[in-house]
Amino acid sequence: MATHPIEVSPGDARYEALRRGFNQRWIATPDYVVVARSADEVVAAVAKFVGDPAQVNRRITVRSGGHCYENFVSSGDVGVIVDVSQMNGVYFDPEMQAYCIEAGATNWHSTTQLYRATGLALPGGSCYSVGLGGHVSGGGYGLLSRQSGLTVDYLYAVEVVTVADGKQPRRTVARKDSADAALRDLWWAHTGGGGGNFGVITRYWFRDLPKPPAQVLARSVAWPWKDFLEHPELFKSLVRRYGQFFAYEQAGQLPAPLGSASYHDLFTLLKLTHMSSGKVGLTIQLDGTRNDSPARLAAFLAWITQDFKKADGTYHIEETPLDQAIGEHPAQGALFIPTLLPWLTATQSLNESGPNRCGKYKSAYMTKGFTEHQIDAIHRHLTDPDYSNPDALVQVDSYGGAINKVGAQDTAVPQRSSVLKLQYQAYWTWDTDADRNGVLDYRDAEKDSGIAAPHLRWIRNFYQDVYGPTGGVPAVVDPAFPATKDANTDGCYVNYPDVDLLDVQRLNTSGQPWHQLYYKGGYERLQRAKKLWDPHNIFRHAQSVAVPATP
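It should be emphasised that the depicted structure is a prediction, and the values quoted were computed from it without experimental measurement.

Participant: I'm lost on the pattern of salt bridges in this one. Help?
Facilitator: Any two side chains of opposite charge can pair, on the condition that their charged atoms come close. Enumeration over the complete set of coordinates arrives at 35 salt bridges. Residues arginine 58 and aspartate 31 are paired through a salt bridge, measuring 3.0 Å at the closest nitrogen-oxygen approach. Residue arginine 58 is found in the loop between α2 (39-50) and β3 (59-63), and its partner aspartate 31 is found in the loop between α1 (15-18) and β2 (32-35); the two are separated by 27 residues along the sequence. The partly exposed category is assigned to aspartate 31, whose relative accessible area is 34%. Lysine 520 is paired through a salt bridge with aspartate 490; the nearest N and O atoms lie 3.0 Å apart. Of this pair, lysine 520 sits in the loop between α14 (514-519) and α15 (523-533) while aspartate 490 sits in the loop between α13 (453-466) and α14, and the two are 30 residues apart along the sequence. Its relative accessible area of 5% is what places aspartate 490 among the buried residues. Among the charged side chains, a salt-bridge network with shared partners connects Glu70, Lys360, Lys362, Arg460, Asp498 and Asp500.

Participant: Which parts of the structure should I look at to understand empty space enclosed by the protein?
Facilitator: If you roll a probe as big as a water molecule over the atoms, it shows you where there is empty space left. A complete count under the given rule lists five cavities of 30 Å³ or more for this structure. In this structure, the second largest cavity encloses a volume near 180 Å³. Gly124, Gly125, Ser126, Trp343 and Thr347 are, among the 17 residues lining the second largest cavity, the residues nearest its centre. Listed by contribution, the elements that provide at least two residues to the lining of the second largest cavity are α3 (107-118) and α10 (343-350). Looking at the lining of the second largest cavity element by element, the count peaks at four residues for α3. Partitioning the lining of the second largest cavity into residue classes produces eight nonpolar, nine polar and no charged.

Participant: Sorry, what's going on with unusual backbone geometry here?
Facilitator: The phi angle at aspartate 208 is positive, at roughly 55°, despite the residue not being glycine. Locating aspartate 208 in the fold gives a position in the loop between β9 (200-206) and β10 (215-224). Although it is not a glycine, asparagine 537 adopts a positive phi angle of roughly 55°. Checked against the element boundaries, asparagine 537 lands in the segment after α15. Classification of asparagine 537 by relative accessible area gives partly exposed; the value is 26%.

Participant: Mind showing me how you'd approach the sheet that holds strand β5 (residues 90-93) here?
Facilitator: Within a sheet, neighbouring strands are paired by backbone hydrogen bonds and run either parallel or antiparallel to one another. Across the sheet, which stays open at both edges, the five strands sit in the order β5-β6-β9-β7-β8 with antiparallel pairing between neighbours. Edge positions in the open sheet fall to β5 and β8 (170-175), since each of these has one partner strand only. On average, each strand axis in the sheet is tilted by 25° relative to the strand beside it, whichever way the strands run. Sheet topology places strand β7 (residues 155-162) next to β9; six bridges connect them, and they run antiparallel. Looking at the pairing, alanine 157 lines up with tryptophan 205 of β9.

Participant: For this particular structure, what's the right way to read the pairing of strand β16 (residues 392-398)?
Facilitator: For a regular strand, the rule is simple: side chains alternate between the two faces of the sheet. Of all seven residues in β16, seven are buried, a share of seventy percent or more. Burial along β16 is two-sided: the residues Ala392, Val394, Val396 and Ser398 and Leu393, Gln395 and Asp397 are all buried. Pairing geometry for strand β11 (residues 267-273) and β16, over five bridges, is antiparallel. In the strand pairing of β16, leucine 269 is matched with aspartate 397. By the bridge criterion, seven bridges tie β16 to strand β17 (residues 420-428) in an arrangement that is antiparallel. In the sheet register, serine 398 faces β17, and the bridge partner there is leucine 420.

Participant: What exactly am I supposed to notice about the pairing of β10 here?
Facilitator: Burial runs high along β10: nine of the ten residues are buried. As paired elements, β10 and strand β14 (residues 339-342) share four bridges and run antiparallel to each other. For leucine 217, the partnering residue across the bridge sits in β14 and is leucine 340. Strand direction decides the pairing type here: β10 and strand β12 (residues 279-287), joined by nine bridges, are antiparallel. Its bridge partner being in β12, tryptophan 223 is matched across the sheet by valine 280. Sheet analysis places β10 next to strand β13 (residues 320-321), joined by two bridges and oriented antiparallel. Bridging across to β13, valine 221 finds its partner in proline 321.

Participant: It is not clear to me how the packing of helix α8 (residues 232-251) against helix α9 (residues 293-304) should be interpreted in this structure. Could you clarify?
Facilitator: Each pair of packed helices can be summarised by the angle the axes make with each other and by the distance between the axes. Two elements in contact, α8 and α9, have axes whose closest approach is 8 Å; the angle formed by their N-to-C orientations is 130°. Between α8 and α9, the angle is such that the two are oblique. Contact with α8, carried on its side by Ser237, Leu238, Arg241, Tyr242, Gln244, Phe245, Phe246 and Tyr248, involves Phe300, Trp303 and Ile304 of α9 and no other residues of that element. In terms of residue class, the contact of α8 with α9 is made up of eight nonpolar, two polar and one charged.

Participant: Would you mind going over the nonpolar core with me for this structure?
Facilitator: Core analysis: the biggest nonpolar cluster contains 137 residues, and Trp223, Phe228, Leu272, Leu282 and Leu422 have the highest contact counts within it. Residue contributions to this core peak at seven residues, all from α8. In this structure leucine 272 touches Phe235, Val239, Val280, Ile378, Leu382, Leu393, Val394 and Val396, once residues within four positions along its chain are discounted. Ranked by size, the runner-up nonpolar core spans ten residues in total, among them Ala218, Trp343, Leu344 and Ala346.

Participant: Can you walk me through the environment of proline 390 in this structure?
Facilitator: Mapped onto the secondary structure, proline 390 falls in the loop between α11 (372-382) and β16. By relative accessible area, which is 42% here, proline 390 ends up partly exposed. Along the sequence, proline 390 and alanine 426 sit 36 residues apart, while their C-alpha atoms lie 9.0 Å from each other. Beyond its immediate sequence surroundings of up to four residues, proline 390 is in contact with Ser276 and Ser277.

Quick notes on the rules
- Residues numbered from 1 in each chain as written.
- Predicted model: local features only at pLDDT ≥ 70, side-chain atom pairs only at ≥ 80, totals over all residues.
- Heavy atoms only, no water.
- Salt bridge = Lys/Arg side-chain N within 4 Å of Asp/Glu carboxyl O.
- Helix = DSSP H or I, 4+ residues; strand = E, 2+ residues; numbered from the N terminus.
- Buried < 20%, exposed > 50% of the residue type's maximum accessible area, 1.4 Å probe, protein only.
- 1 Å grid on protein atoms, 1.4 Å probe; cavity = no way out; pocket = protein on both sides within 12 Å on 5 of 7 lines; lining within 4 Å.
- Points joined across faces, edges and corners; volume = space filled by probe spheres on them.
- Nonpolar A, V, L, I, M, F, W, Y, C, P; charged D, E, K, R; others polar.
- Pairing = 2+ DSSP bridges.
- Axes fitted to C-alpha atoms, helices over the stretch in contact; angles between N-to-C directions.
- Parallel < 35°, antiparallel > 145°, perpendicular 65-115°, else oblique.
- Contact = heavy atoms within 4.5 Å.
- Core = buried A, V, L, I, M, F, W, Y, C linked by side-chain atoms within 4.5 Å.

In short, the description is geometric, and any link to function would need to be established separately.
Written as structure tokens, this is what we have:
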């Protein structure tokens, strides 16, 4: 029996919550928010939007978990938001011979439902409330990815509500092995092409999913900034050696002290915070079913902190518990002692999105360790005395391993040779009652641009300085751009979108457009899919795939 979509309009108590997402910088004023409970309700919602003359110059956008970092979902030109969070089923589809996960399921929902029933898992992110609609379509990686690859490496099919004729939406199922090349292009576009480009994603199907280890070995440590301020060379040594480890590991050339064992199951998050936070943090996870994991964990930590040790055996920099929240992850003081935990329990311990606040983000893929220029720039901006924000950092995630066993053209994620993945982050709240109404809310930021200004300035200057030799961005190596000849970078992650990449006058002077930084040589194929499935550009945002010009 057909149902009508729920529409939440201004005046409804739910409207304030549903017109925004996780990043409180972005607040939309849509005519209404559709809460869709099925693909048929999505079809009805899209049909109403495209048939409404009042929406001609407005956008229809989609939200699953609400974690879009930019204003692609919530902005002033949005007429309708389609919320698919009620579509969160997880089940085996015998017709497809694949596991189906609906687009509104979150990382945590999909993890618990899939693992408890089957023992299988998506190798996706640790942030529990991120919705799979956007997470998967952008590539999807997490703590299992070095061991098992990206989420899209297991994607068999996707269901999308498309409007190829600009008038009548329909449910389209695109499989990896579809006989129709146009459908194969649509499938491929959802293996890293990003959300909001081709239609409304309603379901994914996955085959041959991996089994996570029954147990993992976890440890979290921190080092006091006050010690690093006394010994800046040791901060730089930590960053240098951390990058070197994963570069050596990828090349199969680990130094002798680390032994000959494989470290592909090792996933780490190094949180290089601004000095005002008080501590630099590191979280480590390995396969706990391997007998050698405690020794490998100890060897890894000893190697990256080798220079911390004095000649007499004591330390310049002492390890301390990671007893404070950093970035989007909670305090992990209990993991100061190496701890063996069931995989699901360990995943839950990292499952947090942080408090409600505003944020700005940037990203980088790295194919080698850090250059001395990059290390100096990182230290310079994290010790900037003119900026004080304990919620400002660059998080350096380990990468590579199984991810790099997939071909660069097999999916729309072309970065298949990187060893590190960086996320620059700055968070802030409305700390000034700019409109003098006695409360703090988003209207204060609208009234006073100075609330966000110091944070945006800091993160932009930081990023530009680190990648100054390649035009202020982590450029892709390209013979057409001599400055990239020896670059150790490979572009940006589409799921950490950054509209600053569009600013070719000031913030991206590399000569490489934003789409090359995200997609490299795959952009032409994405445009081909766009022309076939959304030629009227109904689904669009500031960095959406453009409809190619007609020859």
